[in-house]
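Below, each chain spelled out in residue letters.
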Amino acid sequence: NAGVMQNPRHLVRRRGQEARLRCSPMKGHSHVYWYRQLPEEGLKFMVYLQKENIIDESGMPKERFSAEFPKEGPSILRIQQVVRGDSAAYFCASSREYGTEAFFGQGTRLTVV
Amino acid sequence: QQPVQSPQAVILREGEDAVINCSSSKALYSVHWYRQKHGEAPVFLMILLKGGEQKGHEKISASFNEKKQQSSLYLTASQLSYSGTYFCGTEYAGNTGKLIFGQGTTLQVKP
């Protein structure tokens with residue numbers, strides 16, 4: 001049973017470009033969470049999605065960031081017009097149900113140059 | 001809203017014990033504990049639900065004190081593999097299931 005799969009593992013973008021981060025949850029999991037982690041810091045909640053629905057996006061910046069979890073395919077975190085401050089590790093986690101254990105993917109390390 | 005972890009850092013010798021605390025100012029529904037090694041993903045350790053239960057996982061156990069809104073992680077007879085940063089993730093009643101993580105406690109176990 002494969003774990004949470006994220007790709008790419010590393011992503012380099014120039015300022016102003018778009019970054020697309022993908023997350024495939026564990027089999028049987030329909031809840032997906034995105035977190036951002038700066039070096040030597042904790043995990044900051046960004047957005048919580050279920051299939052085709054955004055449940056909570058209170059941690060997502062209002063501009064340039066968006067997330068989706070379509071009926072078919074992985075969840076996508078999209079960052080438009082990236083800036084240097086977007087450089088971070090972005091982790092995705094999935095859970096089977098509300099209030100159950102969540103498992104993390106290996107993360108995507110975004111570097112904006 | 002972010003829970004507060006203490007201590008910030010711990011250095012142990014192999015075989016020693018440690019306790020990591022996670023405190024919240026808001027009523028908790030559940031507490032989730034993770035360990036993260038440098039450059040890797042957080043690894044799930046255990047979940048504690050409202051009700052003050054205690055759980056164990058080999059030599060790592062945890063408790064949840066509902067009155068104090070606090071959870072404690074107990075590491076006994078520590079091993080080198082226990083080194084890493086420990087995060088508690090808290091879930092508040094009616095808060096949609098998202099986890100709010102503490103700032104982390106760095107544990108270093110030396111031979």
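This is a predicted model, so every value here is computed, not measured. (Residues numbered from 1 in each chain as written. Chains lettered and ligands numbered in written order. Predicted model: local features only at pLDDT ≥ 70, side-chain atom pairs only at ≥ 80, totals over all residues. Heavy atoms only, no water.)

## So, the overall build of chain A
Short version of the rule: By the criteria applied, helices consist of DSSP H or I runs no shorter than four residues and strands consist of E runs no shorter than two, each listed in order from the N terminus. Atoms counted for the radius of gyration: C-alpha only. Globule rule: 2.2 Å times residue count to the power 0.38. A 1.4 Å probe rolled over the protein chains alone gives each residue an accessible area, and that area as a share of the maximum for its type sets the label: buried under 20%, exposed over 50%, partly exposed in between. Contacts between residues were defined by any pair of non-hydrogen atoms, one from each residue, lying within 4.5 Å. Accessible areas in this description were obtained via Shrake-Rupley with a 1.4 Å probe; residue shielding takes into account the shown protein chains only. When charges are counted, neither His nor the chain ends are considered; positive counts come from Lys and Arg and negative counts from Asp and Glu. In plain terms, the charge of a residue is placed at NZ if it is Lys, CZ if Arg, CG if Asp and CD if Glu.
Scanning chain A for helices and strands turns up zero helices and 11 strands. Reading chain A from its N end, one meets helices and strands in the order β-β-β-β-β-β-β-β-β-β-β. For 113 residues, the compact-globule estimate of 2.2 N^0.38 gives 13 Å, and chain A sits close to it at 13 Å. With the principal axes as the frame, chain A shows a C-alpha extent of 35 × 25 × 25 Å. Residues classed as buried in chain A amount to 44% of the 113 residues present. Sequence separation of at least 24 residues holds for 52% of the intrachain contacts in chain A that already meet a minimum separation of 6. Counting every atom, chain A has about 5,900 Å² of accessible surface; 46% of that belongs to carbon and sulfur. Averaged over its 17 positive side-chain charges, chain A has a centre that lies 8 Å from the centre of its 12 negative ones.

## So, the pattern of salt bridges
Side chains bearing opposite charge may pair, as long as their charged atoms lie close to each other. Convention followed: The term salt bridge refers to a pairing of a side-chain nitrogen on Lys or Arg with a carboxyl oxygen on Asp or Glu at a separation within 4 Å.
Overall, the coordinates contain four salt bridges over all chains when judged by the stated rule. A salt bridge links D56 of chain A to K98 of chain B; the shortest N-O distance between them is 3.1 Å. Linking D56 of chain A in strand β6 (residues 53–56) with K98 of chain B in the loop between β9 (84–92) and β10 (100–101), this pair reaches from one chain into another. Comparing D56 of chain A with K98 of chain B, the two get one shared label, buried. Through salt bridges with shared partners, a single network forms among E18, R20 and R78 of chain A.

## A short note on the nonpolar core
Put simply, the test is: Only buried residues count toward a nonpolar core. Its members are Ala, Val, Leu, Ile, Met, Phe, Trp, Tyr and Cys residues joined through side-chain atoms within 4.5 Å.
F104 of chain A together with W33, L73 and L75 of chain B are the most contacted members of the largest nonpolar core, which has 40 residues in total. Per element, the largest residue contribution to this core is five residues, and it comes from strand β5 (residues 43–49) of chain B. Within the second largest apolar cluster, 23 residues are counted, among which are L21, V32, L49 and A88 of chain A.

## Focus on a nonpolar patch on the surface
Spelled out, the test is: Patches here are clusters of residues that have more than 30% relative accessible area and form no salt bridge, with a 9 Å joining cutoff for like charges and a 5 Å cutoff for nonpolar side chains (Val, Leu, Ile, Met, Phe, Trp, Tyr).
A contiguous nonpolar surface patch, about 240 Å² in accessible area, is contributed by Y98 of chain A together with Y29 and L49 of chain B. Of the residues examined, L49 of chain B reaches a relative accessible area of 33% and is grouped as partly exposed.

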